[in-house]
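# Summary of the model geometry
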Amino acid sequence: MSRRLAPLISATDCLRNKVKDPRSRDSGNTVQSKEFPGGIVVITGANSPVGLRSMPVRYLFLDEVDAYPPDADSEGDPLTLAIQRTTTFARRKIFIVSTPTIKGLSRIEREFEETDQRYFFVPCPFCGHFQTLKWEGVHCDSNLGEVTYVCEACKGNIEEHHKTDMLRRGEWRATNQEKISEKVIGFHLNSLYSPVGWLSWNACLQNYEMAKDDEQLLKAWTNTTLGLTWEEKGDAPDWGVLFDRREKYRIGVVPKGGYILTAGVDVQNDRLELEIVAWGKNRESWSVDYRTIYGSPTSPEVWKKLSEIVNENFESEDGVSRKINMLAIDSGFSTQEVYAWVRTQSIHNIMAIKGIDSSLVPLNAPTKVDVNIRGRKITNGVRLWKIGVSILKSELYGWLKQTRSEDGSIPHGYLHFPEYNTEYFKQLTAEQLVTKIVKGYPKREWQKTRDRNEALDCRIYARAAAIALGIDRWTDQKWEQISGAKEKIENQNLPAKKSRPKIIKSRWIV
Ligand SMILES: [Zn+2]
């Protein structure tokens, strides 16, 4: 934030003289707070309950609320904590901004629904009809090779260069008649409105073409380009179809194409269950083995066996022996026993996790959970990673429903299975996402359709471990390096930074 705020202050004439240079003595300024005549700006993180509690606030600006953690260090929803700071002011102003994420979980969507829902209406340059810009209107003329926007009234082909004038003549119109009020207003804008020279309709279409075959990319595109939430798919895949597509590779051996090993461990009162998964390019994965270690988590023998698996060498079809790169273990049950074992292991390949249904991201930054006798967090203690189980299950089910195309190409995220028994596949598909009405709002939640679902849990924990390693961001070059081709490649082509369209919501309380 200091990198954005400090340059803004020094570049703005009317602000520069009001905020003293932080290098001068008694400036009243630090990286996170700036004094000016009549007030102070304080910047804090959504993961800091101390920052969110520290002082009363009259003007509150909350940015990217859908990226906030589900709770601020276990002290509650950071959005609620921050808003509570404003209650002492009769004339307060709260401004909430975000790129939306997942339908039913998104904070900005929930807030926006309570507003008058203003959209920006722009006039057609041909017929003058006012309309909002929607994805359905973007049209690629295959003869001209040109991308235009088709007017919903006269069907005229609006060109990119028309946009400047349309934006100038546009107006915000409230669309939610039930919530029209002076106090709570909301704005929605997508990337199709980007001014000429920023993100063109052509670029939006190109980004779509790149994203459309990969659910993760398509979700990101929907959130950032259209400013819309992504609806998770939650119908359970058919276990029989998965059973029928089993492959004849050896259980316990890493198949060709799998270069990274992760494991997910589920803790039960009489056993540990774990799956070892190999990962390759484009999140393609192979189940290498599924094991059960019988015994109570209070028995040291159980943990000794788990440590042996951490040190095990797995044979690969390509001749290289591999170890588990990252193991994720659930700490929701037998928490103290799990922590005790994790303390004996390296933080570089073991992570203690806890599933959070409401998390908007698959993996949250870890928090330290070990405290000393004075209640301070211990630097080298156990770190707990909260994982978004709902998102991870939805991603998995999307992947499980994919099939190989006729030309034999493999879709992104495709899962391979060896000849496991039917029980494994029944457990893997043992939940479904259902919609319930809670306090008048639809709420999506996962429900078990069978008693046993350990295979599903193990798989999403193994996936969380793979995300923690960063495999989603690895380039082809990085995969080549890992696979053993040791060519050094400079100047990796990183994707350009995406624009961040936003749903904007402003709330006035007078
Ligand atoms: Zn028109």
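Note that the coordinates shown come from a computational prediction; the quantities given were computed from them, not determined experimentally. (Residues numbered from 1 in each chain as written. Predicted model: local features only at pLDDT ≥ 70, side-chain atom pairs only at ≥ 80, totals over all residues. Heavy atoms only, no water.)

Our next topic: the overall build of the chain. When helices and strands are tallied, the chain shows 15 helices and 22 strands. Scaling as 2.2 N^0.38, a compact globule of 510 residues should have a C-alpha radius of gyration of about 24 Å, and the chain matches this with 26 Å. The buried share among the 510 residues of the chain stands at 46%. Across the chain, the fraction of contacts at a sequence separation of at least 24, relative to all contacts at a separation of at least 6, is 65%. As displayed, the chain has an accessible area near 26,800 Å², and 51% of this comes from carbon and sulfur atoms. (Helix = DSSP H or I, 4+ residues; strand = E, 2+ residues; numbered from the N terminus. Rg over C-alpha atoms; globule rule 2.2 N^0.38 Å. Buried < 20%, exposed > 50% of the residue type's maximum accessible area, 1.4 Å probe, protein only. Contact = heavy atoms within 4.5 Å. Areas by Shrake-Rupley, 256 points an atom, 1.4 Å probe, with all protein chains shown as cover.)

Each donor-metal-donor angle in an ideal tetrahedron of four donors is 109.5 degrees, and each such angle in an ideal octahedron of six donors is either 90 or 180 degrees. The zinc ion binds to the protein through Cys124 (SG), Cys127 (SG), Cys151 (SG) and Cys154 (SG); the donor distances cover 2.3 Å. For the zinc ion, the four donor atoms are set out with angles of 104 to 112° between them, so the coordination reads as tetrahedral. When the donor residues of the zinc ion are listed from N- to C-terminus, their spacing reads C-x2-C-x23-C-x2-C. Placement of Cys124 in the loop between strand 5 (118-123) and strand 6 (130-131) and of Cys154 in the loop between strand 8 (146-150) and strand 9 (157-158) is noted, with a sequence separation of 30 residues between them. Taking relative accessible area as the criterion, Cys124 reaches 2% and is therefore assigned buried. (Donors = N, O, S within 2.8 Å, 3.2 Å for Na, K, Ca; no water. Tetrahedral: all angles 85-135°; square planar, octahedral: opposite > 155°, others 65-115°.)

Direction vectors running N to C along helix 7 (residues 201-211) and helix 8 (residues 215-224) enclose 155°, while the axes themselves pass 8 Å from each other. By the criterion of interaxial angle, the relationship of helix 7 to helix 8 is roughly antiparallel. Judged by residue contacts, Cys204, Asn207, Tyr208, Met210 and Ala211 of helix 7 engage Leu217, Leu218 and Trp221 from helix 8. The residue inventory of the contact of helix 7 with helix 8, partitioned by class, reads seven nonpolar, one polar and no charged. (Axes fitted to C-alpha atoms, helices over the stretch in contact; angles between N-to-C directions. Parallel < 35°, antiparallel > 145°, perpendicular 65-115°, else oblique. Nonpolar A, V, L, I, M, F, W, Y, C, P; charged D, E, K, R; others polar.)

Glancing now at the sheet that holds strand 9. To summarise the sheet geometry, strands pair through backbone hydrogen bonds and adopt either a parallel or an antiparallel arrangement. On the basis of which strands lie adjacent, the open sheet formed by three strands has the order 7-8-9 and antiparallel pairing. Taken across any chain shown, the strands that pair with only one partner, and hence form the sheet edges, are strand 7 (138-141) and strand 9. Pairing between strand 8 and strand 9: two bridges, direction antiparallel. Across the sheet, residue Tyr149 finds its bridge partner in strand 9, namely Ile158. Those strands touched by helix 7 are strand 7, strand 8 and strand 9, and its axis lies near 105° from that of strand 8. (Pairing = 2+ DSSP bridges.)

Scanning all chains against the criterion turns up three cavities of 30 Å³ or more. As a volume, the largest cavity reaches approximately 70 Å³. Lining the largest cavity, in full, are Ile102, Glu215, Gln216, Lys219, Trp230, Glu232, Ile391, Ser394 and Glu395. Those elements giving two or more residues to the lining of the largest cavity turn out to be helix 8 and helix 12 (389-400). (1 Å grid on protein atoms, 1.4 Å probe; cavity = no way out; pocket = protein on both sides within 12 Å on 5 of 7 lines; lining within 4 Å. Points joined across faces, edges and corners; volume = space filled by probe spheres on them.)

Along the chain, Lys393 falls in helix 12. Excluding its chain neighbours within four sequence positions, the residues that come into contact with Lys393 are Glu431, Trp446, Leu456, Asp457 and Ile460.

Glancing now at the confidence of the model for the chain. Keep in mind that low pLDDT regions are not for reading the predicted coordinates in detail. Per-residue pLDDT for the chain has a mean of 87; in total, 90% of the residues score no lower than 70. Segment residues 485-499: pLDDT under 50, and 15 contacts once partners within four positions in sequence are set aside and those in other chains are kept. (pLDDT = per-residue confidence, 0-100.)

Phi angles above zero are rare outside glycine, and Glu64 is one such case at about 50°. Overall, the relative accessible area of 15% leaves Glu64 in the buried class. Residues other than glycine seldom take positive phi values, yet Asn282 does so here, at roughly 55°. Here Asn282 shows up in the loop between strand 13 (271-279) and strand 14 (285-294).

Turning our eyes to something else, we now look at the pattern of salt bridges. Applying the stated rule across the entire model yields 30 salt bridges. The salt bridge partner of Asp270 is Arg271, with a shortest N-O separation of 2.8 Å. When its relative accessible area of 11% is taken as the criterion, Arg271 is described as buried. With its nearest N and O atoms 2.7 Å apart, the salt bridge here joins Arg271 to Glu273. (Salt bridge = Lys/Arg side-chain N within 4 Å of Asp/Glu carboxyl O.)

Looking now at the pairing of strand 18 (residues 383-388). With five of six residues buried, strand 18 is to be regarded as a mostly interior element. Summarising the sheet, strand 16 (residues 350-356) and strand 18 pair through five bridges and their orientation is parallel. Considered in strand 18, the bridge of Ile356 is made with Gly388.

Once that is clear, we can look at the environment of Asp289. Note on placement: Asp289 falls in strand 14. For Asp289, a relative accessible area of 11% puts it in the buried group. Considered as a pair, Asp289 and Arg271 are 18 residues apart in the sequence and their alpha carbons are 16 Å apart. For Asp289, the residues in contact, after removing those within four places along its chain, are Ile251, Gly252, Leu274, Glu275, Ile276 and Tyr420. Within the structure, the side chain of Asp289 is placed 2.9 Å from the side chain of Arg291, a separation counted as a polar contact. (Polar contact = N/O pair within 3.5 Å; in protein donor to acceptor, adjacent residues only side chain to side chain.)

Strand order in the open sheet made by the eight strands is 17-18-16-15-12-13-14-19, with mixed pairing throughout. The open sheet has two edge strands with one neighbour each: strand 17 (367-368) and strand 19 (415-416). Strands in contact with helix 14 (residues 454-469) are strand 12 (260-267), strand 13, strand 14, strand 15 (326-330), strand 16, strand 18 and strand 19; relative to strand 12, the strand with the most contacts, it is inclined by about 135°.

Tallied over the full model, the rule gives 20 aromatic pairs. Summarising the aromatic geometry, the rings of Phe120 and Trp172 are spaced 5.0 Å apart at their centres and angled 55° between planes, so their arrangement reads as tilted. Residue Phe120 is located in strand 5, and its partner Trp172 is located in strand 10 (residues 171-174); the two are separated by 52 residues in the primary sequence. A relative accessible area of 13% means that Phe120 is categorised as buried. Between the aromatic rings of Tyr149 and Trp201, the centroid separation amounts to 5.6 Å while the plane-to-plane angle is 40°, which identifies the pairing as tilted. Taken as a pair, Tyr149 in strand 8 and Trp201 in helix 7 lie far apart in primary sequence, 52 residues in all. For the pair shown, Tyr149 and Trp201 are each scored as buried. (Phe/Tyr/Trp six-rings, centres within 6.5 Å; stacked < 30°, edge-to-face > 60°.)

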